[in-house]
Amino acid sequence: MNVLKKVLLLVLIAVTVSCQKTKVTKVFTEKDISIIPKPAALQLQEGSFEFTENTQFVATDAAQKEIASILIDKFNETSGWSLELVEQAPAKDFVQFVVDEKLADEAYTFVVTSDKVLITAKGNAGFLYGIETLRQLLPASIESAKRISSGEWVIPNVTITDQPRYKYRGLMLDVARHFFKMDYLKKTVDRLAMLKMNVLHLHLVDDQGWRIEIKKYPKLTEVGAWRVDQEDKHWDGRYTPTADEKGTYGGFYTQEELKELVAYATTKNVEIIPEIEMPAHVSSAIAAYPELSCFGTPIGVPSGGVWPITDIYCAGKENTFEFLEDVLTEVMAIFPSKYIHVGGDEATKTNWEKCPHCKKRMQSEGLKSVDQLQSYFIKRMEVFINSKGKILIGWDEILEGGIAPEATVMSWRGVAGGVEAAKQGHDVIMTPGSHCYFDHYQGPQNEEPLAWGGYTPLSMVYTFDPTVDTMTPAEAKHVLGGQANVWSEQIKTEAHSEYMIFPRLAALSETLWSPKESRNWEDFSNRIVTLFSRFDYMGINYAKSAYLVTHDVQIDMKTQEVSLSLKNEFPNADIRYTLGDKKLTEQATKYTQPLKIDKTTTVHASLFKNDQPVGVPFNTTIEFHKAVGKKVTFKETYDDQYKGEGEFGLTNTLRGTKNFTDGHWQAWLGKDMEAVIDLGAATAIQEVTLGTLENQGPGIYFPTSLTVFVSTDGKTYKEIGVEKRDFAKNPSFDLKDFKISFEKQSVRYVKVVATSLKTLPNGGKAWLFVDEILIN
Ligand code: ACM
Ligand code: ZN
């Protein structure tokens, strides 16, 4: 450690008194700097710069002045100042924008010395990002909407040279499944800019709502923007309204509002990319203009889940293409973006196979499959979009049947579509579900608001890399960047939307902006604490799920001893716990190693920061039973997709949540589960319980019966009890324990047979999900 650093550590705050006024000189260490995304290069120097009511901002045009006002407004709000904007730099005490044409588009350099702050960039994008960096160098309280009496607006002397790793850094908001007000979109633009993100992709069309005014087709919003209000019901439990039922729930944006949004976003270096879905996810358009579908059958705007999506535009009728060209002409007049997103995902083309218009089209165009017909559809739209000087983006389904020649692919079903598109020489935006779907859970499902499913915690987002290792350098050049997608089936409110976006967007921003080599989860986990504090001041309803403590259970194969480990997303986290009914205070035991469990045990735990518990506390009761750690043999092993925790998955005390992908469930597809548990020796038992899940949307059904048999020798079994449950329609997700009690008896082997529904009401195979077999 050099002398300077020693001094810095010893003396944190020094106050030097000048003759006129007290000037605060804070001494900084690197730990005091918490910028997200992390700048490409930063050197901390001795000294600091203090903002006072006399500090001036030097800006030479309207755009620079608007960028400076982001910060000026904050100072004025927190300190009651009226900071001045000037065109000529004074002798000292100022922030100045300096043009350097040689810098890259979004790059900037940022130099703080004790008498000034210089932000150098080619243009406004770099100036904006310099200001956003300056904002994050200031104490979090600069975000306060209230007056701060003791603001010490001091920043360290630093030199920063910064530029993004990827040029496309996006967020998609699904405003179709639930409508969000314009004001929220503008707020979202501000927050994107704060994290140096530069694309807001608006998913303006889906089955459940058409959200953009199109003057030539007024029914798109008169009819298509409104659905029958069934918001009190689960998304997949809503009936499908008929064409003559009037919708009252929804909304849309006028063209004027959208133009205003675009203009606003431009000042924040955010490009708005409109998505006009086709040929599927368009029930709302077909409800307005039924003639756009193959058979012209009138439909209502669906209030909830539609699957599979068969009400799609007819690819045979010429009027479909006229309609879409008219719509896109109006769309392009609103959005200057060079990209037009046409969706293209999840079309079930069964109507196309039967439709005389579509069949005729396939014949005249020499198309051999409906996939090729979709390819024809998208290629034809691309010709139109290219003719207007724009580029088509589509979800990765546009690869099927042959991709349009100039298209950019948004890869969502993993990264494979993106890899393939790059191989074929197309530009790619990576949005794999695994890392970028912010409609997924970010913490244990039982602690979280209802989400679509999946599990994408903060630490997972932070590992995102849009460039895949197997890509050649030429292919990698086609990767424009990445994007988070916030599908809103389960997200009805702004508060909930914020919860799903933050803090995960901060992690994503760093993966897209900062050099890959600087990525460091532990370092990020320290910096995010300051960002949380900013979010608190800004009133953002961010998730604290990363603070949640979770548990895991290990079973020693030899001794069958069970131990419980506590975990958190952050390494070296200060986790403290108590057992039984003891209260969780700062005196709770610090967790250092797994705890041995040999009886039913209640555990309370929390992450602590500065001796205070943070986040939602963890409480669980590990239900110990006689089969814990005992070997299970199956007649037919569980499916490869759902292996739970493997060998001891059903006898390790770990229970599943309503999220069937949480890693605790073992599952069988279209078959029964037959398991034999060897208790190791004759054991007195009187009850067998089977933990199960139902989620009929994806085909998961409770067993139709549970039968338990016992044996002393593992050869001859005696049936000891049976419970039946008839199939019933169930729109929600439910957990259920099937329990069979009997007279106490001594046995060594227990056979558990759970019969599956096997075949779904609409054909297809049913899943049977099991998380634990408890024997007592
Ligand atoms: C998608 O998630 N269907 C693009
Ligand atoms: Zn058709």
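Keep in mind that this is a model prediction, so the values were computed, not measured. (Residues numbered from 1 in each chain as written. Chains lettered and ligands numbered in written order. Predicted model: local features only at pLDDT ≥ 70, side-chain atom pairs only at ≥ 80, totals over all residues. Heavy atoms only, no water.)

Enquirer: So what exactly am I meant to see when it comes to the overall build of the protein chain here?
Expert: Along the protein chain, the regular secondary structure elements total 18 helices and 37 strands. Its C-alpha radius of gyration of 30 Å places the protein chain within 12% of the 28 Å reference for a compact globule of 776 residues. Principal-axis analysis of the C-alpha atoms places the extent of the protein chain at approximately 95 × 75 × 50 Å. Counting all 776 residues of the protein chain, 55% fall into the buried class. When contacts within the protein chain are restricted to residue pairs at least 6 apart in sequence, those whose partners lie at least 24 apart make up 71%. When the accessible surface of the protein chain is totalled, it reaches about 32300 Å², and 51% of it is carbon and sulfur. Each charge sign in the protein chain was given a centre, from 86 positive and 103 negative side chains, and these centres are 2 Å apart. (Helix = DSSP H or I, 4+ residues; strand = E, 2+ residues; numbered from the N terminus. Rg over C-alpha atoms; globule rule 2.2 N^0.38 Å. Buried < 20%, exposed > 50% of the residue type's maximum accessible area, 1.4 Å probe, protein only. Contact = heavy atoms within 4.5 Å. Areas by Shrake-Rupley, 256 points an atom, 1.4 Å probe, with all protein chains shown as cover. Lys, Arg positive; Asp, Glu negative; His and termini not counted. Charge placed at Lys NZ, Arg CZ, Asp CG, Glu CD.)

Enquirer: Explain the pattern of salt bridges here, please?
Expert: Pairing between side chains of opposite charge can happen when the charged atoms of each approach one another. Within this structure, the stated rule accounts for 45 salt bridges. Between K590 and D574 there is a salt bridge, and its shortest N-O distance comes to 3.3 Å. On the criterion of sequence distance, the pair formed by K590 in strand β27 (residues 589–590) and D574 in the loop between β25 (562–567) and β26 (575–579) is long-range, its members being 16 residues apart. Look at D574 and you get buried, because its relative accessible area is 17%. A salt bridge links E674 to K635, with the nearest nitrogen and oxygen atoms 3.9 Å apart. Separated by 39 residues along the polypeptide, E674 in strand β33 (residues 673–695) and K635 in the loop between β31 (631–634) and β32 (666–669) bring together distant segments of the chain. Residue classification places E674 among the partly exposed positions, given a relative accessible area of 22%. Residue classification places K635 among the exposed residues on the basis of a relative accessible area of 64%. (Salt bridge = Lys/Arg side-chain N within 4 Å of Asp/Glu carboxyl O.)

Enquirer: Even after reading the chapter, I still don't get helix α6 (residues 255–267), so can you show me in this structure?
Expert: For α6, built from 13 residues, the straight-helix expectation of 18 Å at 1.5 Å per residue is met to within 8% by its first-to-last C-alpha distance of 19 Å. Residues of α6 that are buried: Q255, L258, L261, V262 and A265. For α6, the angular spread of the buried residues around the axis is 115°, confining them to a single face. Buried residues along α6 sit in contact with α4 (182–194), β11 (199–203), β16 (271–278) and α8 (318–334). Trailing α6 by a residue or two, N269 shows a phi angle of about 55°, which is positive. (Expected span 1.5 Å × (residues − 1). Arc of directions from axis to C-beta.)

Enquirer: Hey, could you run me through α8 in this one?
Expert: It helps to recall that an α-helix has 3.6 residues per turn; residues three or four apart then point in one direction. For α8, built from 17 residues, the straight-helix expectation of 24 Å at 1.5 Å per residue is met to within 8% by its first-to-last C-alpha distance of 25 Å. Those residues of α8 that sit buried are T320, F321, F323, L324, V327, L328, E330, V331, M332 and I334.

Enquirer: Explain the sheet that holds strand β24 (residues 550–555) to me, please; I cannot follow it from the model alone.
Expert: Note: strands within a sheet are paired through backbone hydrogen bonds, in either parallel or antiparallel orientation. With antiparallel pairing, three strands are arranged side by side in an open sheet as β24-β25-β28. Edge positions in the sheet fall to β24 and β28 (595–597), since each of these pairs with one other strand and no more. The mean angle between the axes of side-by-side strands here comes to 35°, regardless of whether they run parallel or antiparallel. Two strands pair when backbone bridges link them, and β24 and β25 are joined in this way by six bridges, in the antiparallel orientation. Each bridged residue has a counterpart across the sheet, and for H551 the counterpart in β25 is L566. (Pairing = 2+ DSSP bridges. Axes fitted to C-alpha atoms, helices over the stretch in contact; angles between N-to-C directions.)

Enquirer: Is there a simple way to think about the sheet that holds strand β19 (residues 408–411) in this case?
Expert: Within the closed barrel, the eight strands sit side by side as β10-β11-β16-β17-β18-β19-β20-β23. Their pairing is parallel. If you compare each strand with its neighbour and ignore which way they point, the axes differ by 30° on average. With two bridges connecting them, β16 and strand β17 (residues 339–343) associate as parallel partners. Each residue of the ladder has a partner; that of E275, found in β17, is H341. Of the strands in this sheet, β16 and β17 are in contact with α8, which crosses β16 at around 170°.

Enquirer: Just checking my understanding: could you explain the side chain of S79 for this structure?
Expert: In this fold, S79 is placed in helix α2 (residues 62–79). Here the side chain of S79 touches T78 through a polar contact of 3.2 Å, side chain to side chain. With near-sequence residues (within four places) excluded, S79 lies in contact with R147 and W153. (Polar contact = N/O pair within 3.5 Å; in protein donor to acceptor, adjacent residues only side chain to side chain.)

Enquirer: Help me understand the side chain of Q208 in this model?
Expert: Inspection of the secondary structure assignment puts Q208 in the loop between β12 (205–206) and β13 (209–210). With residues up to four places along the chain from it excluded, the contact list for Q208 reads A176, R177, R227, W235, V301, P302, S303, G304, G305 and V306.

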